[in-house]
Amino acid sequence: MTTSVQAVETVPSFPSPLKEFWQSFSANKGALVASFIFLFILFCALFADVIAPHSPIEQYRDHMLTPPSWAKDGLQTYLLGTDELGRDILSRLIHGARVSLMIAFMSVVMSMIPGVVLGLLAAFFQRYLSPAIMRLMDIMLALPSLLLAICIITILGPGLINTMIAIAIGTLPSYVRLTRAAAMAEINKEYVTASRVAGAGTLRLMFVTVLPNCMAPLIVNATLGFSSAVLEAAALGFLGLGVQPPTPEWGTMLSAARDYIERAPWVVTMPGLTILVSVLSINLMGDGLRDALDPRLKRAA
């Protein structure tokens, strides 16, 4: 009697890219906690009309500069107190999150899209377009982004839309330079050459072949640029060049409260802490994304 032994070939299983990304990202505990904090802030911004206990612009004249609820003479009706005009600070912070995050998101989108296009053009047309594009970016980098935004706001005038445009123009060079560098690192690889030999046109090579392989550093840069946009929007609002009252915005709240820093310190502390926590959480989340998306850091680990 003969027995046949059937050899079973085991095929190694590899985790999906999404699962591998989550494992790398969740290993960074600081980035994971920061992500939950940012998601909470984003949730408050999206549902501000439902979550906020009061209207952000309604003035309660009988309760001006009321301290927070846990302080002496505080009221449970106003958990974080009221400002110099009797407006509920908590409600203004929640609605201000919507304004600040919208400014940051739109400015990142408005700078990332043309920055990616200009960067790809500079990488693919190094003889004709690259010198002109990169010299223009060098001129823009000669000025700090906030100073450039102030100059643009001075020309266009203060306001919500102009604030987005000013911040987007100030951060444009970083996307152009990063996209150009990432594309030039990919443009001479074999898969690009194979696509070119197969008859792919320049636009297909730029946006279908090369761009997807350049997205990891762009995503990280956009995340970190998001926090910078929040800070710049707050700085412009503090200077009176950004969002104008009575629209609730964190920088505008700080500007209006600076005269009451000794008499009612909570009016300044609450917006300042909100900006601090928001920017810190976005930066930590950006660090986690960089560690999870950069293959060199994975190999080093």
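Procedures and definitions
Residues numbered from 1 in each chain as written. Predicted model: local features only at pLDDT ≥ 70, side-chain atom pairs only at ≥ 80, totals over all residues. Heavy atoms only, no water. Helix = DSSP H or I, 4+ residues; strand = E, 2+ residues; numbered from the N terminus. Rg over C-alpha atoms; globule rule 2.2 N^0.38 Å. Buried < 20%, exposed > 50% of the residue type's maximum accessible area, 1.4 Å probe, protein only. Areas by Shrake-Rupley, 256 points an atom, 1.4 Å probe, with all protein chains shown as cover. Lys, Arg positive; Asp, Glu negative; His and termini not counted. Charge placed at Lys NZ, Arg CZ, Asp CG, Glu CD. Core = buried A, V, L, I, M, F, W, Y, C linked by side-chain atoms within 4.5 Å. Polar contact = N/O pair within 3.5 Å; in protein donor to acceptor, adjacent residues only side chain to side chain. Patch = residues over 30% accessible without salt bridge, like charges linked within 9 Å, V, L, I, M, F, W, Y side chains within 5 Å. Salt bridge = Lys/Arg side-chain N within 4 Å of Asp/Glu carboxyl O. Axes fitted to C-alpha atoms, helices over the stretch in contact; angles between N-to-C directions. Parallel < 35°, antiparallel > 145°, perpendicular 65-115°, else oblique. Left-handed = near helix turned anticlockwise from the far one by under 90°. Contact = heavy atoms within 4.5 Å. Nonpolar A, V, L, I, M, F, W, Y, C, P; charged D, E, K, R; others polar. pLDDT = per-residue confidence, 0-100. Phe/Tyr/Trp six-rings, centres within 6.5 Å; stacked < 30°, edge-to-face > 60°. Lys NZ or Arg CZ within 6 Å of the ring centre and 35° of its normal.

Draft legend 1. Region of interest: the overall build of the protein. Of regular secondary structure, the protein possesses 13 helices and zero strands. Secondary structure elements in the protein, listed N-terminal to C-terminal, are α-α-α-α-α-α-α-α-α-α-α-α-α. Over its C-alpha trace the protein gives a radius of gyration of 25 Å, far above what one expects of a compact globule, namely 19 Å for 301 residues. For the protein, the spread of C-alpha atoms along the three principal axes comes to 95 × 70 × 30 Å. For the protein, the proportion of its 301 residues judged to be buried stands at 44%. As displayed, the protein has an accessible area near 16500 Å², and 66% of this comes from carbon and sulfur atoms. Between the centroid of the 20 positive side chains of the protein and the centroid of its 19 negative side chains there is a distance of 10 Å.

Draft legend 2. Quick look at unusual backbone geometry. In this structure, Pro 246 follows Pro 245 across a cis peptide bond, with omega equal to 5°. Considering the arrangement of structural elements, one finds Pro 246 in the loop between α10 (215-238) and α11 (250-257). Of note, Leu 65 is a non-glycine position whose phi angle comes to about 55°, a positive value. One non-glycine residue, Asp 73, lies in positive phi territory at about 65°. Residue position: Asp 73 is located in the loop between α3 (48-51) and α4 (89-124). Relative accessible area serves as the criterion here: at 62%, Asp 73 is assigned to the exposed category.

Draft legend 3. Quick peek at the nonpolar core. The biggest cluster of nonpolar side chains holds 76 residues, and the ones touching the most others in it are Ile 89, Phe 124, Phe 226 and Val 230. Considering every element that reaches this core, the biggest residue donor is α4, with 16 residues.

Draft legend 4. Representation of α11. Judged by how many residues are buried, α11 sits mostly within the fold: seven of eight residues are covered. Among the residues of α11, those classed as buried are Trp 250, Gly 251, Thr 252, Met 253, Leu 254, Ser 255 and Ala 257. Between the side-chain oxygen at the start of α11 and the backbone nitrogen of Gly 251 there is a gap of 3.0 Å, and the oxygen is on Glu 249.

Draft legend 5. Spatial organisation of a nonpolar patch on the surface. Taken together, the side chains of Phe 36, Leu 39, Leu 42, Phe 43, Leu 46, Phe 47, Val 50 and Ile 51 present a nonpolar region at the surface, about 790 Å² in accessible area. Per-element tally for the nonpolar patch: the top contributor is helix α2 (residues 29-46), with five residues.

Draft legend 6. How the structure looks around the packing of α4 against α10. At a closest axis distance of 8 Å, the pairing of α4 and α10 adopts a crossing angle of 135°. By the angle class used here, α4 and α10 are oblique. When you trace α4 past α10, the crossing you get is right-handed. Touching Ser 100, Leu 101, Ile 103, Ala 104, Phe 105, Ser 107, Val 108, Met 112 and Val 116 of α4 are Met 215, Leu 218, Ala 222, Gly 225, Phe 226, Ala 229, Val 230 and Ala 233, all from α10.

Draft legend 7. Focus on the pattern of salt bridges. Scanning the model with the defined rule gives nine salt bridges in all. Linking Arg 290 and Asp 287 is a salt bridge whose minimum nitrogen-to-oxygen distance equals 3.9 Å. Residue Arg 290 and its partner Asp 287 are located together in helix α12 (residues 266-293), separated by three residues, close to a single helical turn. Relative accessible area serves as the criterion here: at 38%, Arg 290 is assigned to the partly exposed category. Overall, the relative accessible area of 28% leaves Asp 287 in the partly exposed class.

Draft legend 8. Spatial organisation of the packing of α4 against helix α7 (residues 160-186). With their axes 6 Å apart at the nearest point, α4 and α7 run at an angle of 35° to one another. Between α4 and α7 lies a crossing whose hand is right-handed. Here the contact of α4 with α7 is composed, by residue class, of 23 nonpolar, seven polar and one charged.

Draft legend 9. Geometry of the environment of Val 109. Along the chain, the position of Val 109 falls in helix α4. Sequence separation between Val 109 and Met 164 is 55 residues, and the spatial gap between their C-alpha atoms is 9.8 Å.

Draft legend 10. Main features of the confidence of the model for the protein. Looking at the protein, the pLDDT average stands at 87 and 92% of residues meet or exceed 70. Looking over the protein, one finds the lowest element-wise mean pLDDT in helix α13 (residues 295-300), namely 50, and the highest in α4, namely 94. Note that pLDDT drops below 50 for residues 1-8; the model gives that stretch zero contacts with residues more than four away or on any other chain.

Draft legend 11. Structural view of the packing of aromatic side chains. Applying the stated criterion across every chain, the model contains four aromatic pairs. Seen in terms of ring centroids, Trp 22 and Phe 25 are 6.4 Å apart; in terms of plane orientation they differ by 35°. Their pairing is tilted. With a gap of three residues between them, Trp 22 and Phe 25 both fall in helix α1 (residues 17-26), about one helical turn apart. A centroid spacing of 5.5 Å and a plane angle of 55° characterise the contact between Tyr 60 and Tyr 78, whose relative ring orientation is tilted. Placement of the pair is Tyr 60 in the loop between α3 and α4 and Tyr 78 in the loop between α3 and α4, with a sequence separation of 18 residues. Among the residues examined, Tyr 78 registers a relative accessible area of 4% and is labelled buried. In this arrangement the basic side chain of Arg 258 is found over the ring face of Phe 238, its NZ or CZ atom lying 5.2 Å from the centre.

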